[in-house]
Amino acid sequence: MSYTPTQDDINLLYQRHKKLYSKVNLLNSDFRTIDSLEGVLTNGTLTISANSDTRRTFTCNMHLAKTSAVTAYNVYDWANKYLRVFIGIEDVRTKVVHWYEAGLFIPTQNGFQYDTSNNTLSLSCVDLTGKLDDTTCGQVTGLGTIIKTGRYIRQSMIEVLKLGGITKYLIDYPQNDTEAENDKTKVPYDLEFGTGATVWNMLTTLRDLYYPYEMFFDGDTFVCKEIPSCKDDPVILNHEVIDPLIISENTTVDETTIRNCTEVWGSSIDSDYYTENVSYADGCYTLTYDSALTNFKVKSNKRFSFVAPETNAKGCSVKMVQGENTFGPYKIYSGTDKDGNDVELDAGVMAAKKYYVIKCYKDADKNLRMQYLGQGQVHAMVILSDNPPTGDAYEQAKIDEACDVLEYISTNDPSDTTGMYHSPYSIEKIGRRNSVLSGGDFENIPNDDLGLQRAEYENWKSCRLTDVKTVEMIMIPWLDVNKKISYTPRSGKHGEKHSPMEYIIKEITINLGSGTMSVNMQKFYPYYPYITKKGE
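Residues numbered from 1 in each chain as written. Predicted model: local features only at pLDDT ≥ 70, side-chain atom pairs only at ≥ 80, totals over all residues. Heavy atoms only, no water.

### Some points on the overall build of the chain
Looking only at helices and strands, one finds seven helices and 29 strands in the chain. Counting every position in the chain, which comprises 536 residues, the buried fraction comes to 50%. As displayed, the chain has an accessible area near 25,100 Å², and 46% of this comes from carbon and sulfur atoms. (Helix = DSSP H or I, 4+ residues; strand = E, 2+ residues; numbered from the N terminus. Buried < 20%, exposed > 50% of the residue type's maximum accessible area, 1.4 Å probe, protein only. Areas by Shrake-Rupley, 256 points an atom, 1.4 Å probe, with all protein chains shown as cover.)

Put into structure tokens, the structure is as follows:
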């Protein structure tokens, strides 16, 4: 939730004594306020997590004002209400309470309890994700749901949201061919969901088709967008504001999560048409099909498989022949760059005497092209090394690892901006630590190009995101996750001079009883590996 603090807001943070309040606005199904309950907070917790599907959770005990109308509502009335919660801090000089929105919530199991003997209200609630998963009413009835190949992901998400009654959304996907820069905005294969599937499960499947995206609720608005790198984002609070608020610091490097070899297994790649009759000349594969083959079509989303007779040259193409009909030639592309431009297949990707699958698709001008998908199953590996092999040694490494989509990340590249330069976690320094990722959302990775991107990202996370700090500090009620701050670390070598550094906030847990909060944050690096692609 975006909030721009004033100087008065900053000044409130430094008050030695704070009196905290809570205000709960009751909203009807149209999100209109129908009543408001206000009281003094005795204890409670507000958690905001960028790593959880449920971004915001809130629990509290509050002593209500005597004029509160809480007795006008029974437990059944709360079942169809939304709660917009505010946290208030009283200015000791002016006695004015400054209110900050904590989020929009729905009550969970036993989420509303009122004690008449001491006029205390207890609340336990989650954000609107609870409407779409199985917390309250997220399951979809009927025999099942199918989302067809070629549908725009954005439109598919909108239609799924309607099943959950959500009409406000901000989905960062193109909505038509004019806006689309590449084929990664469409559903690559049929998605089937059985009886009892939840709306959130469907949305998660759509989100994870192409990585890395996140989704959450910002108030009553559903948001789906790329996980922010914060590269171009300003520092919302600098070290001059943050440092005086720090109570303690804990630096964590979880040795058990460090991995420097990441292997990703994606989806099995099916084919519509296979032929053994394949030739290669002048950089073009010719696939010849039996003239008796019925319903043979070369059109968008059709897949063709073959055993390559020779290793491909850069910019290779393919054509299909059936009887007197010739289709193509079509250039084969490996994927797209960060600007959405198609990238020609590099030389040597398709090795002689190995099985491969390509897929037909349309570019922005409706012209047919071919995309390299990979072998029988998406398989990619990334290794962090001080001395990456090259030439024949690299080719031998692909054989030894039984993986043709193999990439080494060098720790000795001074131009590296992902934080891997001089990394202490290479295979030479700490030994090889494997992470094999398969099943779950990895099964939705449709081709080797995206498999390699995911392997790069997961390897980067396991080598750099272990650099985490957790600080206990005075509560900042408007602070949010995936925001960049500046902070001067306290830990380090004895006598070492500490300089301010930039961090990205990943989780906030506010203790409403003490007026403090625990903030989990990771060191900021200018780029994620999917931004600084190899060869740029």
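### Some details on the pattern of salt bridges
The full count for this structure, using the stated rule, is 19 salt bridges. Lys-469 is paired through a salt bridge with Glu-249; the nearest N and O atoms lie 3.4 Å apart. Of this pair, Lys-469 sits in strand S26 (residues 468-474) while Glu-249 sits in strand S12 (residues 246-252), and the two are 220 residues apart along the sequence. A single burial state applies to Lys-469 and to Glu-249, both of which are buried. Residue Lys-398 is joined to Glu-395 by a salt bridge in which the shortest nitrogen-to-oxygen separation is 3.4 Å. Of the two residues, Lys-398 and Glu-395 both sit in helix H5 (residues 391-401), three residues apart, roughly one turn of that helix. Here Lys-398 falls in the buried class, since its relative accessible area comes to 11%. Put simply, Asp-53, Arg-207 and Asp-208 are held in one network by salt bridges that share partners. (Salt bridge = Lys/Arg side-chain N within 4 Å of Asp/Glu carboxyl O.)

### Some thoughts on the sheet that holds strand S25 (residues 434-437)
Sheet strands pair via backbone hydrogen bonds, and the direction of the pair is either parallel or antiparallel. Spatially, S24-S23-S13-S25 is the arrangement adopted by the four strands of the open sheet, whose pairing is mixed. Taken across any chain shown, the strands that pair with only one partner, and hence form the sheet edges, are strand S24 (406-410) and S25. Each strand of the sheet is rotated relative to its neighbour by a mean of 15 degrees, with strand direction disregarded. As defined by bridge partners, strand S13 (residues 261-268) adjoins S25 across four bridges and the pair is classed as parallel. (Pairing = 2+ DSSP bridges. Axes fitted to C-alpha atoms, helices over the stretch in contact; angles between N-to-C directions.)

### Structural notes on the sheet that holds strand S11 (residues 221-226)
The strand order across the open sheet formed by three strands is S8-S11-S10, and the pairing between neighbours is mixed. Each edge of the open sheet is held by one strand with a lone partner, namely strand S8 (169-171) and strand S10 (213-218). In this sheet, neighbouring strand axes are inclined to one another by 15 degrees on average, regardless of whether the strands run parallel or antiparallel. Inspection of the sheet shows S8 paired to S11 by three bridges, in the parallel sense. Bridge pairing in S11 places Leu-170 opposite Val-223. The strands that helix H2 (residues 153-163) touches are S8 and S11; relative to S8, the one it contacts most, it runs at about 155 degrees. Helix-sheet contacts for helix H3 (residues 199-207) involve S10 and S11, and the interaxial angle to S10 is about 140 degrees. (Contact = heavy atoms within 4.5 Å.)

### A look at the confidence of the model for the chain
Per-residue pLDDT for the chain averages 85, and the proportion of residues at 70 or more is 88%. Of the regions scoring below 50 in pLDDT, residues 530-536 engages in 15 contacts with residues more than four places distant in sequence or in other chains. (pLDDT = per-residue confidence, 0-100.)

### Some thoughts on the pairing of strand S1 (residues 20-27)
Among the eight residues of S1, eight are classified as buried, and the element is accordingly described as predominantly covered. Taking every second residue as pointing to the same face, both faces of S1 are buried, with Leu-20, Ser-22, Val-24 and Leu-26 on one and Tyr-21, Lys-23, Asn-25 and Leu-27 on the other. The sheet contact formed by S1 and strand S4 (residues 82-90) spans eight bridges and is antiparallel. Following the sheet pairing, Lys-23 is matched in S4 by Phe-86. What sits between the antiparallel neighbours S1 and strand S2 (residues 33-49) is a turn of five residues, in which Phe-31 has the positive phi angle 65 degrees.

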